[in-house]
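If you want the building blocks of each chain, they are given just below.
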Amino acid sequence: MRRGPWLWAAALAAYTFLYLPLAIVVVYSFNDSRLNAEWVGFTWHWYGVLLRDDDMLAAAGNSLLIALASSSVATALGTMAGIAMHRYKMKALTFMVMAPVAMPEILLGVSLLLFFIQVLNLTLGMISVVLAHITFSIGFVAVVVRTSMAGIDESLFEAARDLGASPWKTFRHITFPLILPGVIAGGLMAFTLSVDDFVITFFTAGVGVSTLPLRIYSMIKIAVTPEVNAISTLMMLLTLTMIVLASRIAPNMLRGKA
Amino acid sequence: MSNQTAKLPPSARLTKWLVCGPPLVFLLLLFVAPSAIMVVASLRFPGEFGGLAPVAAAPGVLQGLTLETYRFFFGDFLYAEIFVKSFLVALAATLICLVMAYPLALLIARSPKKSRDLMILLVILPFASNFLIRVYAWMILLGPQGALSQLVNSALGAFGIGPVHLLFSPFAVLVAMVYVHLPFMVLPLYTNLEKHDPSLLDAAQDLGANRWQRFWHVTFPLSLPGIYAGATLVFIPVLGMFAIPDILGGTGDMLIGNLIKDQFLGTRDWPFGATLSILLTGAVLLCVLVAARLGGAGMRHA
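Residues numbered from 1 in each chain as written. Chains lettered and ligands numbered in written order. Predicted model: local features only at pLDDT ≥ 70, side-chain atom pairs only at ≥ 80, totals over all residues. Heavy atoms only, no water.

(A) Structural detail: the domain arrangement of chain A. Residues and elements named next belong to chain A. The assigned domain composition of chain A is domain 1 (1-43) and domain 2 (53-257). Relative placement of domain 1 and domain 2: their C-alpha centres are 30 Å apart. Taken together, the contact pairs nine residues of domain 1 with eight residues of domain 2. Carbon and sulfur atoms supply 62% of the area that domain 1 and domain 2 bury against each other, a total of about 660 Å² over both sides. There are two residue pairs in polar contact (both at pLDDT 80 or more) connecting domain 1 and domain 2. Across the side of domain 1 that touches domain 2, the residue classes tally to five nonpolar, three polar and one charged. (Domains from an automatic or database assignment. Contact = heavy atoms within 4.5 Å. Buried area = accessible area lost by both parts, 1.4 Å probe. Polar contact = N/O pair within 3.5 Å; in protein donor to acceptor, adjacent residues only side chain to side chain. Nonpolar A, V, L, I, M, F, W, Y, C, P; charged D, E, K, R; others polar.)

(B) Layout of helix 4 (residues 91-102) of chain A. A rise of 1.5 Å per residue sets the reference length of helix 4 of chain A, with its 12 residues, at 16 Å; its end C-alpha atoms lie 16 Å apart and thus fit the reference within 8%. For helix 4 of chain A, the complete set of buried residues consists of A:Leu93, A:Met96, A:Val97, A:Ala99 and A:Pro100. One face of helix 4 of chain A carries all of its buried residues, which in axial projection span an arc of 160 degrees. Turned more than 90 degrees off the buried face of helix 4 of chain A, the exposed positions are A:Lys91, A:Phe95 and A:Ala102. Residues of helix 4 of chain A that are buried sit in contact with helix 3 (54-87), helix 5 (105-119) and helix 6 (126-150) of chain A together with helix 2 (10-42) of chain B. (Helix = DSSP H or I, 4+ residues; strand = E, 2+ residues; numbered from the N terminus. Expected span 1.5 Å × (residues − 1). Buried < 20%, exposed > 50% of the residue type's maximum accessible area, 1.4 Å probe, protein only. Arc of directions from axis to C-beta.)

(C) View of the state of the cysteines. All names here are of chain B. The full count for this structure, using the stated rule, is zero disulfides over all chains. Its sulfur unpaired, Cys287 is 15 Å from the next cysteine sulfur, which belongs to Cys97. Classification of Cys287 as buried rests on a relative accessible area of 17%. (Disulfide = S-S within 2.5 Å.)

(D) The arrangement of the pattern of salt bridges in detail. Considering all chains together, one arrives at four salt bridges over all chains under this definition. Note that B:Lys261 is salt-bridged to B:Asp246, the shortest N-O span being 3.4 Å. In this pair, B:Lys261 sits in helix 12 (residues 256-266) while B:Asp246 sits in helix 11 (residues 243-248), placing the two residues 15 residues apart along the sequence. A cluster of three or more residues bridged by salt bridges with shared partners is formed by A:Lys221, B:Asp246 and B:Lys261. (Salt bridge = Lys/Arg side-chain N within 4 Å of Asp/Glu carboxyl O.)

As structure tokens, this is what we get:
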């Protein structure tokens, strides 16, 4: 295969570009200095500050709650959508599922803001954020589930039908067990996306509720402090764990998505 | 579709609606309806205290509907300029991503099958960390005490050029745009390049094509669908981005996204904000159409 030294050099530069900034964030989270500049010495201090930051802890609690609620609903709806997209090829549904994923997040954010306030007359808060997160997560779950559906041998469904199984029985005993890894992987993805979301939450949270990304945003708008590095490092660990879990359960997910 | 439904027995039709119904209803309510309301909002007058004016407030047949906001947009050069600037930033970010992603994707595609998955995973992994964290990382690097700033300024200092501020500049915005979206370019490119038949390159070599000729006449044209797919995935989110200019840009680095955000959360001129959103949606749809046209059937593989 043709892999010249130039190709290696360029690829190595790209990898460095991808990892160096994140490595710096992690390293400085252990730095015994207020400034993200010189290395002074190792400390757990910033993690301690983090644990005593009540606003941050409340935000983390909200983030988890929102992620749990939105990802469970999104997993149910996304699984149905994925099955429907594979089986019925309904164009309108496919469009509605995929469009929120494909368009710039700000558009979904402001249209939901408008809808919640002007039409539903809803006070922005936990509920509006959960509804918004479900809306953009459905598509991600649906894509993973559709990929799982496409991998199932159609003759299994025919065999079940020939043997007199009702649609529900076929789903319960054949379809669902076979797509379960996809469903779980999709659910984990929805959870991660919810915890991570900034833009759509920014528009739909109002003043009533704060999440981790919103808290980080308001902190870095004021000043760069190593406490942000510490929470960033912890969030990276969490996401990493979720990805490892998802890839163990559905090894083809990453490739299917690409 | 309706023909198909008619052919199904009643029980199968019931199953179909039980499966399609819930997501369909949810998305009709929380995606289609809000989008439709956005169109209506762009045709309304702003309310006295922000938001929208009540419909009944304006007399006439088309109660309270107006094209005023659109006239306002096209009447002021300032807004068109921000749109153009956003397009240029998106274009620049897309091109830089392409130049950085191509060698990487090519190397991965030409690596032994075993190491490919790991190499691709290494591209995706940083993308899994929170978006704000990735932007924050550049705040540190480009800050006055940051490593990159120091490096650049000591280099410039050697030539007697005064220190430059990298943070809160268009440069910072562009770097972060590229950083955040690079994986979106690598993935479709890799998916495309991986499928190339290596014997084509052998044939070109046998016919006397040198390294560059092989690249420009074989690999590159074949990878165009991957390029279009990646370009769409980078261009569209950059076009609507507000957080990066907000955090890393200066006061003059406003893009469409910032303008929209200001209308909804700052000045609270919702009809104008809605108009800007509709125009951005139009721009995005245009990009998708162009990419689909250029990429043709190839898009679907990526």
